[in-house]
Structure formats: structure tokens, C-alpha cells
Amino acid sequence: MANLKHLFSFIVLLILSLGGNKQSMADDVIRVGVVLDLNTTVGKVAESYILMAVYDFYAVNANYRTRLSLFTRDSKDDVVGAACAALDLMKNEKVHAIIGPQSSAQAKFVANLGERAHVPILSFSATSPFLSTNHNPFFIQTTQDDSAQVKAIAALIQAYGWREVIPIYEDTDYGNDLTLYLIDAFQEVDVRFPYRSVISPSSKDSDILEELKKLKAMQTRVFLVHMTASLGSKLFVHVKNSGMMSEGYAWITTQGLSSLLDTINSKIMDSMQGVLGIRPYIRITKDLEDFERRRTTNYTSRKTKYKTLGLNLFGLRAYDTIWALAMAVEKANIEHSSFLKQNASESKVDLAAIGVSEIGPMLLNKIASTRFQGLSGYFDLVKGQMKASTFEIFNVIERRERIIGYWNPKKGLSQEIDDISEIAYSTSKDKLKPPIWPGDTTNQPKKLRIGIPIGDGFNEFIKVQWHPHKGEPKVSGFSIDVFLAALDILPFPLPHEFVPYVNENRQSAGTYDQLLSQIKLKNFDAVVGDTTIVASRSSYVDFTLPYSESSVSMVVLMKDNEKKNMWIFLKPLSWDLWLATVATSIFIGFVTWVLERHVNSQFRGRFDQQIRTIFLFSFATLTSTQREKVVNSGSRVVLFVWAFTLLILTQSYTASLASMLTVQKLKPEFDDVTEIKRNGYFVGYQKDSFVRELLVEQLNIDESKLKAYSTPEEYDEALSNGSDNGGVAAIVDEIPYIKLFLSKYGSRYAIVGPIYKTDGFGFAFPRGSPLVSYISRATLNVTEDKDKMTDIIRKNFASQTTSTGDNGSAACSTYSPSLGVDSFGGLFIIVGVASLLSLLLYVVKKFPHFHWKNSNIVPLKGSLWLSFIELVKHSNQKYLRSWFFWRNESTPSPEGFGASPSMDEMRKHSRTSSEGADDVATDVDDEIWRCICGRG
């Protein structure tokens, strides 16, 4: 085989050297090196494409005066081998350009040698993104680097709504260099790498199987394979044998492997059924079809042992590279080419003996500016790299590749390459043809397995019905509707299936905590239901934002004791308010007496009569039954303000008493869980709920005093029987369940609490899941949409919605507290200010009439109150003496000097001698002023 290969190469080169005419003998020959891994399929294919490229180019351009002379070296699939081959070509063959090497690791080393010798290195297969002209000015990538496909891969991942992907790549420069670009691109679309699988090219079969076993145990079922054809072929055989090429899995290959599927045998293709691949798009043109026909004919006619392969991307890139180099050599107009030697050395690989190409820099510039339509597409270099173009997405089906769509940097995904209907960038899977996934199914892999709790009661939140024949579950309820509404808002599809958490008898398989732990065990991808967000659960799952408020409260039986409380009429007002009202009333009576006494005979009389008048008038104002008429304007102002205050107090008293009478009918038997615990009563809770742990661990209730129930009917029966008759004294549960219970039995029960605060119901996902933020935002939009939430509530709770609110509000009512002074402090201040201002104005008005001639009647020692009493007695006596004097100046009082006349006589005298009475009253006022203000 080797002899035939060299013979074929010699014949081609001989033809090229002859050129088909005499003029070719005088043409300039430019020496070009070729470094390939001739033991690999890519190396063999590339060599054949390169030889055909030289022949085809000069067959078309026979008039060119320059000719390429190729010198091929085998790098033996080794970095050192590639370096030695490049050194040999530069030093001994004096080549002015090198095509190759194949791998990125080899290219990095050879590129440094090219920079040292000013020899352009053109690689058609080294795709590392780090082989840029910034670091290697004499290196040119005549193919797209791996970073060009990253956005296409991200768009494909985004189209199918996958949020987690596991990359599997080889532990080489080719594999590692792409990882950083993938991470950045996937972060932009919120796709996470939960794990990165790195496989060495030298790994044994047992090592690969062990790694696949680890991947199989993980929750993620979407894998991105970035490997060369040799290692990738070995991987997929083990993948199928491990049972991972079945329904539920998704596999995607990058361009390195996708572009070489034609080199893979049928056995390996059988193991890749359902795989999606991405590779640069090659438009099938007339020239390309003609080339393929000639290539196949040449191989067949020569009866070589080369395997006839289909069109190969890297082979076509190598073909176009030869054409670009030949064009650049002709454009450079090279008259002579030579190497400037630095040092002489007998060694073939001495770095110091490498010369410097005189035409290398010129040739580099000409190659960079070359543009033409090649077989692999339009040849256009941008900063030493092939410009990014369209990628095609294919699906492996029965040993063939079915194109399902395309990706373009401007349009995104599309079914047709020339689709111009879409202007905006698209990442919708609807733009792709439906693929056949592993397991020969059209069902998209990686459906979220969503665990659903199941119970006997409270089906308004979660309800599971089983198909009578197929046995498939049908899930509905408030929680499900909120979740589905949130999915409709997501910017990507989220395939899912609801899986009830049941045993073989279709009964609940465990508690809510056990259900949530299935996420950690990777049996479920999420849990949707009436799952409460509590701190203990957040240690192994992540919750979305709550879609329902919640707290733990206690529901107890009502008792009616309205008729048993004979003093309830006193409770609307607190004791301090009762005392404040009475005291203020007496103060108002006193102020009125002071202001009215000198002008109103109804406020005069003996001392005990005046005191009695003050108190009777004070309490009469509370009920507006006073008989005395006030004539002083200041008194009227005071009484008006006080009447306004009494009006407000009366209305408040009436409302509070009515409320208390209503609340008394709804008074619960127990006010606090502490009372129940102290008396050793039984307490009920909902079966499988976290409330049981709450009662035992935080409220320290004996487990023997706990009873589990499932339905509202069981709640009612247990509470009705009571703790002493086989029931319970209270049911402790979350507010949403209690409201549903009260919607049926609310008239007999009341809510006491809350006794524990929770964050409400939420959807659970694995720790660190990127879906949490998306579902949280979507759930928030749903709960803030009043119309949508109203429809969901009406659909699931129907008539319970209204009754729950009514009964719930009544049952949740607490006792109306007694009204206190703080509630009416402003009114009392207004009354006090009005009274004091009236007194002040009265004093200022009467101040000029005050006299102190009778000051000796007031004792200099003693309290102010005693002085006031003495002054009142003196004034009263003076008033009586004057009254008798006016009535009969010569007749002494029959009862003595201090005897009091009858009220009829006083009123009669008042009508005939009011002026004299005013003078007497003025004297009394003078004495009062002296007593209060002039003492000391």
C-alpha cells in the first residue's frame, strides 16, 4: 500500500512538473511542505485531496508561471514528530510554507517554528480557538475554529429548553480549549454544567465504562460530546452497551466528530442512532459534484487500496488551502526564492540552523487577502481565521444523516438554508424538523419527572384520577393550574410529566418530606403540589417563590356564653375610660356652676343644695336629662363641646357592645395551644404533613396526644366529639386547609393563631437548579395577575371561595377590645381647654369688680379647699342676709340669722329684686377670687 501511495504521488508530481507544455520548464517552483498524520483517516483523505487540488489548480490555470512543489512528511500523530517534520522541511527542503499539521497541539508547536523562520503555517484541521494571529502571527487557520460553533450549540440547547448539559470532552488541547467558550456561551442562555466529564485519549475501555456508570447515575440526561473521531467512536460503542442510548437521553456532537462520520464504520453508526450533530454547512455546487465524480473515478480506475469515502469537510478545506496558497504565490510575483541561513550545522533538527524565508512575510500577506469561492464554501480569512458561516444540524438515523435544520449567525435556527421569512434571530425548536431521538422515539428527551403528592382529602389543591383502562394518571387542582400557568410564561419550552408519588396500590408512598427527598435521590426532577416552604426542607431542595400565603394555626370548637355574662354592658369601655368620663362630667358641672351662679337662680341656694346641684347636673348631662337652663354664653360653649364628646362616646359604646355580643357567640373553647398542652388534651393534624414534627419538636406536645386525619369530614367529627370522647380539642394545620374546612363547617369553629409562620406553598427543584429563577419569576407574574388568579381559584374552589371568605372572617374574628382613654384623649383635651378658656374669660371679665374688704373671713392657715369652703359659706350667708333684708328689713329671720328661706320665696324675690341679687352674687364672686388668688 505504501509503495502504491508513493508511486501515485510521484506520478502526480511528475505531471505537475511537466505542466503539459514547454513553458512550464521555465516556471518558478515554490517549495511547500505538508505535515500530516498519514496513519489516520483524516491524514489519508487530506493527502489525496491535496494532490488533486494541485492538479486541478494548474489544469485550470495553465498559464501561471509559478508552481507549487510539495514535500510531505508524516508526523506520526505526535507533537514531537510534527515538530521534527517541520524542522526538517524548513532546514533541509527550504520550504516557504507548510500545510498542516492536523491537530491543535501539533499546530501550537509548529506555529512557533514558523514564526522563527518566517514561514507561514496553514492548517485546515487545527480548530483550537487559541491559535490566533495575536499569539502566532505566521499561523493561518483555513477552517473555522471551534468557538464559531458555540453559539449554534447554545441555540440548539435553548431551543429544546434544556437547562443542564454535561459536556464530555477529551483531555487534550483540542478538548480543553473549547470548554471556556462553552461556559461563557451557556451562561448567556442560563444553561448550567452540573458536571464535566473529561476522558483521556489513552483511557482503557474499563475507564470509559466507569465514567459512563457515573454519568448514568446523574439526573442530567443531555450530553455534549467534543472529541476526535477515534476517541468518539470508542465512546459511543460503550454508550450503547451501557444502555444510555435509549429513550430519555439526548446526545449532541460538535463539528470535530460530526464532520468525520463518513469515516466511521457501520457498527459505530449503529450505536449513534438518534444523535444530533452540528457541523459547517457545505453547499452542494456543480463544481463540487464534478469533483466528487472525478475523485471516485480516479480511485476506482487505479484500483488502489484507499477507501472511497464521501465528501469530507477537512479534505475539502485542505483542497481549498492549496488553491489559496497557489493564488497567493502567483500574486506575490516572486522572481526568486531563497533562505537566509543563520548558522551552519550538520544536525537535521538544530533550531539554530533554521534559515529565514525571504518571501515568507510577503506570502503571508497575499494569503490573508485572498478571496475566492472554494469547494467547501467562500474562502475568506479574517485575522488569520476562516470567517464564521452557516452550520447545519443533522440527526443520525439508520446509518445516514438527516438534515433537520440550519443555524445562521444572523437568523438563528431555520429549516431551510435559504429561508428569508424570518428576520429576527430565532431559537425556537419549531424552526427545526422533528428529530428521531435515542430509543427510536419522537418524544423529546429530558422530560421533567415531576413528583405529585397524593392524599384522601383536600383535593382542591391536588387531585389525581386514574384512567379506568389505561391506568394513566390525570392530575388537576389549584397547584397544578398555577404551575401550568407559570410554564406558559417561560421563554422556552419545558417538557414534563406528572408522576404521582404512590405505591403499587396507588396509595401515598410517604410523607411530604419523603417526597421531597426523592429529588435529592434523583428519582424526581421537581415536586409540584401543596408543599410548604420550611427551613428544614431547604437544606436539600430549592423552592421557588411562594404562590400561596400560609401559616400554621389552630381550629377549635365554638362555645356560646352570651347569656352567662351579666356584666357585659360594662366591657365596651375600659375602667380608666369610665373613670375619666365621670370625672370630666363632674368637672363640667363645677365649671357650669361657676359660670351660671351669678346670673342663674337655679344654681343658688344653701351650700349643700349647690353641691347637690353640681353633681346632679353633672350626671344629668350624660343622659341629656338636666332640668337647669343655662344662660351664660361660656356655659353654653362648654356644654356644647361636652355634648359632642358624649355623642361620640355613646356611639362608640353602642358599636362596641354590639360587636362584643356577636363575638361572644363565636368565642372559642381554647385561646392558646399552651392551655391544651397543660390540660393534656388530644390534638389533631393532617396526615403526612410537617405539622406533626412542628407539634412535637417545637411545641413539645407528647406524641401520644397526637392524632392524624385526612379529610375535612374527619376534622369535623374529631372536633365535635372532643378530647374526652375519642376526638381532639383542636386541629393544628395550615391556613389554606383550615379555610377549606371552615367553608363547610365554619359556623361551629374558630381559628386561633397563627402559632407558626411559614412562607407558603412553593414548587421544589434540585439544589442549584437554574429553573428556580425562571419558575419564580413566572409564578410571580401569575399571582400578580388578578384576573388569571381569580379564574384559577373559581375553577378549583367553586362555591367554597365565597363561603371560605365569609366563614373564615367570622371564625377568625378575635374579641373586640374595650375602648380606652387613648382612643378619646383628643376629645377630653378639647373639653378641658374649652372649659378652662371659659373660666379664664369669666375671671378676666369680673376682675374689675373684685374687692378685698372682707378678706378677714378667710383663714390664713389651712388648705386651699378649706379656705374655699369657708368662703362659700360666708358668701352664702351674705346672700341670705341680703335676701331677707330685701324681703323684710325689720323682721329677723324666724329661723335665725343663718336660716334658709324656701326656694319659692327665693324665686319670687328673684323676679322682683334681680338687681339686688346680682350685687350679692358679685360680692360672693369677689370673696371666691380672694380665696383662690389672693391667699398668701
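Quick caveat: nothing in here was measured; it's all calculated off a predicted structure.

Time to look at the overall build of the protein chain. What the protein chain contains, in helices and strands, is 30 helices and 31 strands. By sequence separation, contacts in the protein chain at least 24 residues apart represent 74% of the contacts at least 6 residues apart. As displayed, the protein chain offers around 44100 Å² of accessible surface, 54% of which is attributable to carbon and sulfur atoms.

When two helices pack together, their arrangement is captured by the angle between the axes and the distance separating the axes. The contact between helix 5 (residues 150-159) and helix 7 (residues 179-188) brings their axes to 9 Å, and the two run at 40 degrees. It follows that helix 5 is oblique to helix 7 by the angle criterion. When the axes of helix 5 and helix 7 are compared, the crossing they make is right-handed. Seen from helix 5, the contacting residues are V150, K151, I153, A154 and I157; seen from helix 7, they are Y181, L182, A185, F186 and E188. Split by residue class, the contact of helix 5 with helix 7 holds 8 nonpolar, no polar and 2 charged.

Here we come to the pattern of salt bridges. With the rule as written, the count across this model stands at 22 salt bridges. In this structure, D270 engages R399 in a salt bridge whose closest nitrogen and oxygen atoms are separated by 2.9 Å. With D270 in helix 11 (residues 266-270) and R399 in the loop between strand 16 (391-397) and strand 17 (400-408), the pair connects residues that are 129 residues apart, well separated along the chain. What makes D270 partly exposed here is its relative accessible area of 27%. Across the pair R293 and D290 runs a salt bridge, and its minimum N-O distance is 2.6 Å. Placement of the pair is R293 and D290 together in helix 12 (residues 286-302), with a separation of 3 residues, close to one helical turn. Among the ionic contacts, a cluster of salt bridges with common partners joins R31, R73, D88 and E93.

Secondary-structure assignment places F483 in helix 15 (residues 478-489). Classification of F483 by relative accessible area gives buried; the value is 0%. Through-space distance from the C-alpha of F483 to that of T779 is 7.3 Å; in sequence the pair is 296 residues apart. Not counting residues up to four positions away in its chain, the partners in contact with F483 are I450, F498, V528, F763 and F765.

With that out of the way, let us pick up the nonpolar core. The biggest cluster of nonpolar side chains holds 79 residues, and the ones touching the most others in it are I50, L68, L235, W251 and L325. With 13 residues, the top contributor of residues to this core is helix 13 (residues 313-331). Among all residues touching W251, those that are not within four sequence positions of it are I168, F223, V225, F236, V239, M244, M245, V275, L276 and P438.

This part is about the sheet that holds strand 8 (residues 222-226). Strand order in the open sheet formed by 8 strands is 7-6-8-9-10-16-17-18, and the pairing between neighbours is mixed. The open sheet has two edge strands with one neighbour each: strand 7 (197-199) and strand 18 (412-414). For this sheet the average axis-to-axis angle between neighbouring strands, irrespective of direction, equals 25 degrees. Bridge count between strand 10 (residues 276-280) and strand 16: 5 bridges; the pairing is antiparallel. In the strand pairing of strand 16, P280 is matched with F391. Each of strand 8, strand 9 (250-253), strand 10, strand 16, strand 17 and strand 18 touches helix 5; the most contacted strand, strand 10, lies at about 150 degrees to it. In this fold helix 9 (residues 229-241) packs onto strand 6 (166-170), strand 7, strand 8 and strand 9, with an angle of close to 175 degrees to the strand it touches most, strand 9.

Residue P101 is reached from G100 by a cis peptide bond, and omega for that bond is -5 degrees. Among the secondary structure elements, P101 is positioned in the loop between strand 3 (97-99) and helix 4 (104-117). Phi angles above zero are rare outside glycine, and N700 is one such case at about 55 degrees. Mapped onto the fold, N700 is located in the loop between helix 21 (691-698) and strand 28 (706-709). Judged by relative accessible area, which is 55%, N700 ranks as exposed.

Glancing now at the packing of aromatic side chains. Two numbers describe a pair of aromatic rings. These are the distance of the centres and the angle of the planes. For the coordinates displayed, the defined rule picks out 35 aromatic pairs. With centroids separated by 5.4 Å and ring planes inclined at 55 degrees, the aromatic side chains of Y49 and F291 adopt a geometry described as tilted. Here the residue Y49 occupies a position in helix 2 (residues 41-60), and F291 occupies one in helix 12, the gap between them amounting to 242 residues. Among the residues examined, F291 registers a relative accessible area of 1% and is labelled buried. Both rings, one in F223 and one in Y249, keep their centres 6.3 Å apart while their planes meet at 20 degrees; by these two values the pair is stacked. Residue F223 is located in strand 8, and its partner Y249 is located in the loop between helix 9 and strand 9; the two are separated by 26 residues in the primary sequence. Both residues of the pair, F223 and Y249, belong to the buried class. Over the aromatic face of F682 sits the side chain of K705, whose NZ or CZ is 4.7 Å from the ring centroid. R777 extends its terminal NZ or CZ atom over the ring of Y774, reaching a point 5.2 Å from the ring centre.

This part takes up the pairing of strand 27 (residues 683-686). Taking every second residue as pointing to the same face, both faces of strand 27 are buried, with V683 and Y685 on one and G684 and Q686 on the other. Where strand 27 meets strand 28, 4 bridges bridge the pair, whose relative direction is parallel. In the strand pairing of strand 28, V683 is matched with L706. Following the backbone out of strand 27, through helix 21 and into the adjacent parallel strand 28, one traces a crossover that is right-handed. Looking at chain direction, strand 27 and strand 29 (residues 730-734) are connected through 3 bridges and run parallel. Counterpart to Y685 in the pairing with strand 29 is V732.

On to a nonpolar patch on the surface. A surface patch of nonpolar side chains, about 490 Å² in accessible area, is lined by I829, V833, L837, L840 and V844. With respect to the helices and strands, the residue I829 is situated in helix 27 (residues 821-846).

Mapping W407 onto the fold places it in strand 17. Exposure remark for W407: the relative accessible area of 4% places this residue in the buried category. In the structure, W407 is positioned 14 residues away from I393 in sequence and 7.5 Å away in space, judged by C-alpha atoms. Look past the residues within four positions of W407 in its chain and what remains in contact with it is A148, K151, A152, A155, S389, T390, F391, G412, L413 and Y425. A polar atom in the side chain of W407 sits 2.8 Å from the side chain of Y425.

Let's shift gears to the packing of helix 15 against helix 24 (residues 771-784). Helix 24 packs onto helix 15 with a crossing angle of 110 degrees between their chain directions and a minimal axis gap of 8 Å. Relative to helix 24, helix 15 is oriented roughly perpendicular. On helix 24, the residues touching V482, A485, A486, L487 and I489 of helix 15 are I775, A778, T779, N781 and V782.

So, on to the environment of S838. If you trace the backbone, S838 turns up in helix 27. The exposure class of S838 is buried, given its relative accessible area of 9%. Sequence spacing of S838 and V637 is 201 residues, and the spatial spacing of their C-alpha atoms is 8.0 Å. Beyond its immediate sequence surroundings of up to four residues, S838 is in contact with L595, G634 and V638.

Once that is clear, we can look at helix 15. Along its 12 residues, helix 15 runs 17 Å from first to last C-alpha, staying within 8% of the 16 Å computed at 1.5 Å per residue. Among the residues of helix 15, those classed as buried are F478, S479, I480, D481, V482, F483, A485, A486 and L487. Elements that come into contact with the buried residues of helix 15 comprise strand 19 (448-452), strand 21 (473-476), strand 22 (496-500), strand 31 (764-765), helix 24 and helix 25 (786-797).

A separate point is the side chain of T779. Along the chain, T779 falls in helix 24. Given a relative accessible area of 1%, T779 falls into the buried group. Polar contacts involving the side chain of T779 include one to the main-chain carbonyl oxygen of I775, which spans 2.7 Å.

A residue-level look at the protein chain finds 76% of positions with pLDDT of 70 or above and a mean pLDDT of 79. Confidence drops under pLDDT 50 across residues 302-308; counting only partners more than four residues distant or on other chains, this segment forms 9 contacts.

Thresholds, definitions, all that
- Residues numbered from 1 in each chain as written.
- Predicted model: local features only at pLDDT ≥ 70, side-chain atom pairs only at ≥ 80, totals over all residues.
- Heavy atoms only, no water.
- Helix = DSSP H or I, 4+ residues; strand = E, 2+ residues; numbered from the N terminus.
- Contact = heavy atoms within 4.5 Å.
- Areas by Shrake-Rupley, 256 points an atom, 1.4 Å probe, with all protein chains shown as cover.
- Axes fitted to C-alpha atoms, helices over the stretch in contact; angles between N-to-C directions.
- Parallel < 35°, antiparallel > 145°, perpendicular 65-115°, else oblique.
- Left-handed = near helix turned anticlockwise from the far one by under 90°.
- Nonpolar A, V, L, I, M, F, W, Y, C, P; charged D, E, K, R; others polar.
- Salt bridge = Lys/Arg side-chain N within 4 Å of Asp/Glu carboxyl O.
- Buried < 20%, exposed > 50% of the residue type's maximum accessible area, 1.4 Å probe, protein only.
- Core = buried A, V, L, I, M, F, W, Y, C linked by side-chain atoms within 4.5 Å.
- Pairing = 2+ DSSP bridges.
- Phe/Tyr/Trp six-rings, centres within 6.5 Å; stacked < 30°, edge-to-face > 60°.
- Lys NZ or Arg CZ within 6 Å of the ring centre and 35° of its normal.
- Right-handed = clockwise from strand over helix to strand, strands pointing away.
- Patch = residues over 30% accessible without salt bridge, like charges linked within 9 Å, V, L, I, M, F, W, Y side chains within 5 Å.
- Polar contact = N/O pair within 3.5 Å; in protein donor to acceptor, adjacent residues only side chain to side chain.
- Expected span 1.5 Å × (residues − 1).
- pLDDT = per-residue confidence, 0-100.

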